[in-house]
Structure formats: C-alpha cells, structure tokens
Amino acid sequence: MFARLSRRQVIGAAAGATLSFGDSQFWSGLPAVSAAEAKLDPNLVRLDSGIEPLVVFIETTPRERLLEEVAAKIKQGTSYRELLAALLLAAVRNVEPRPSVGHKFHTVLVVNSAHLASLSSPPEHRWLPIFWSLDYFKEAQGRDERERGWSMAPVDEAAVPAASKARGQFVAAMDHWNEAEADAAVAAMARSAGANELYEL
C-alpha cells in the first residue's frame, strides 16, 4: 500500500482534512531517522512506566492536534523506537479486535507495514509512514468509541492458570472458541514461556 503512495500523498493522508501539505509547518525541522535507530530490538518494546506516558498521550490527544504535538515531542527528543512502540500499544489497547480481525483493527496490523515502509525510505522521510499510522489510529479509535466504547481491560488474575497448565488451557480454549480462557492462558504463557516456545504454537 505504502509503495504506491508518493511523499506528498502520505503526508497529505497523515495530516487529514484539517491540515494541507502546504500548511504542515510542524513537519519542518524533524530529525532524520538513521537506519540504526529504525532497526528495532524486541527487548526494547515493553509497556512499562517509561513508555506508558507516551501511550496515554497518543490515546488522549485529539486527532486534529496529534501530528503537530507528536512532531514537537520528536524535536524534544522522543525517538523513532519510542513512538513506534507507543503507537502499537495504543492501538492494541483501544481498538477492539473482535468480532472480526479486519475493519478498525487494521490500524494495529498496519503498524508493522508502516515500519517496513520507513526502513525502505531515505532517513529524512522515515517519519512519514509513522505519522500516517498515527492519524489512521485516531480515525479507528474514534470509530470504536462511537460504536462500542471498547478498551482493553486488565487481565483477570484469578483466571490465569499455572504456567504448567497454560498451553493445555490455551489449546482447549481455542478448540471451543472460549475467548476469556484463551486470553487468560495467553497471559500465563507470555509470563512463563520463552519466545521460541510461543512461536512453536
């Protein structure tokens, strides 16, 4: 999708109807993103006290102001990795994946595609796909709020099985399409299993 868009089309889409390309003064002066900075270390993407304020900022800033305010944060030192992680986590927490994975939830799925587009871009243009994704998230978040007002609740700790039982519960829950038990089992697996064990599922 991104490969078919010109730089002007991407920034125009990201800015939305309220901000034309010619008016996007916030865009000037953003630092280039080096290849080293754009290369992500999975160990750095965590929802902890360090990233939570940026996630909340993305969640709560109105769509018409978000891009300009994110640009200001970048100029103040927010990194590419921090913004990408916060965007993905905000989307996961605020856009309901059910009853189907498509539609609004596409805003979560497209974040990695935006990142790959950034990797393929010149350093000075690597922010463009991420800004597009930020605006796309706010559009999906708005639709979700109007339709159901869903947001991800904390895991039900009482339902989380012991690590030794997590895999069996997950398989059984998926076989019977039991969403609550599957969610609890996944939480237990994420806390106890190594990455290779999860990938082998």
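Just so it is clear, the model here is predicted, and its values are computed rather than measured.

**Remarks on the packing of aromatic side chains**
Point 1. Summed over all chains, the structure comprises two aromatic pairs.
Point 2. Between Tyr 80 and Trp 127, the aromatic rings sit 5.8 Å apart at their centres with planes inclined by 55 degrees, giving tilted as the arrangement. Pair noted here: Tyr 80 is in helix α5 (residues 80-94) and Trp 127 is in helix α7 (residues 127-147), with a separation of 47 residues, a long-range link.
Point 3. According to the relative accessible area criterion, Tyr 80 is buried, its value standing at 0%.
Point 4. Ring geometry for Trp 132 against Tyr 136: centres 5.0 Å apart, planes inclined by 40 degrees, an arrangement best described as tilted. Residue Trp 132 and its partner Tyr 136 are located together in helix α7, separated by four residues, close to a single helical turn.
Point 5. In this arrangement the basic side chain of Lys 73 is found over the ring face of Phe 57, its NZ or CZ atom lying 4.7 Å from the centre.

**Re the side chain of Lys 138**
Point 1. Checked against the element boundaries, Lys 138 lands in helix α7.
Point 2. One buried charge, Lys 138, has no salt-bridge partner; the nearest side chain with opposite charge is Glu 145, at 6.4 Å.
Point 3. Side-chain polar atoms of Lys 138 contact the backbone oxygen of Ile 58, separated by 2.9 Å.
Point 4. Aside from chain neighbours lying at most four places away, what touches Lys 138 is Ile 58, Glu 59, Thr 60, Thr 61, Pro 62, Arg 63 and Leu 66.

**Considerations on the environment of Pro 129**
Point 1. By the secondary structure assignment, Pro 129 is in helix α7.
Point 2. Look at Pro 129 and you get buried, because its relative accessible area is 5%.

**Some details on the environment of Arg 143**
Point 1. With respect to the helices and strands, the residue Arg 143 is situated in helix α7.
Point 2. You can call Arg 143 partly exposed: its relative accessible area is 23%.
Point 3. Sequence separation between Arg 143 and Val 95 is 48 residues; the distance between their C-alpha atoms is 9.0 Å.
Point 4. Within the structure, the side chain of Arg 143 is placed 3.0 Å from the side chain of Glu 139, a separation counted as a polar contact.

**Observations regarding unusual backbone geometry**
Residues apart from glycine generally show negative phi values, whereas peptide bonds are mostly found in trans.
Point 1. Despite not being glycine, Trp 177 shows a phi value in the positive range, around 55 degrees.
Point 2. Along the chain, Trp 177 turns up in the loop between α8 (163-175) and α9 (179-192).

**A closer look at the pattern of salt bridges**
Point 1. For the structure shown, the criterion picks out six salt bridges.
Point 2. Arg 63 is the partner of Asp 135 in a salt bridge, and the nearest nitrogen-oxygen pair spans 2.9 Å. Within this pair, whereas Asp 135 is found in helix α7, its partner Arg 63 is found in helix α4 (residues 63-75), the two being separated by 72 residues in sequence.
Point 3. Taking relative accessible area as the criterion, Asp 135 reaches 7% and is therefore assigned buried.
Point 4. When its relative accessible area of 36% is taken as the criterion, Arg 63 is described as partly exposed.

About the thresholds
Residues numbered from 1 in each chain as written. Predicted model: local features only at pLDDT ≥ 70, side-chain atom pairs only at ≥ 80, totals over all residues. Heavy atoms only, no water. Phe/Tyr/Trp six-rings, centres within 6.5 Å; stacked < 30°, edge-to-face > 60°. Helix = DSSP H or I, 4+ residues; strand = E, 2+ residues; numbered from the N terminus. Buried < 20%, exposed > 50% of the residue type's maximum accessible area, 1.4 Å probe, protein only. Lys NZ or Arg CZ within 6 Å of the ring centre and 35° of its normal. Lys, Arg positive; Asp, Glu negative; His and termini not counted. Salt bridge = Lys/Arg side-chain N within 4 Å of Asp/Glu carboxyl O. Polar contact = N/O pair within 3.5 Å; in protein donor to acceptor, adjacent residues only side chain to side chain. Contact = heavy atoms within 4.5 Å.

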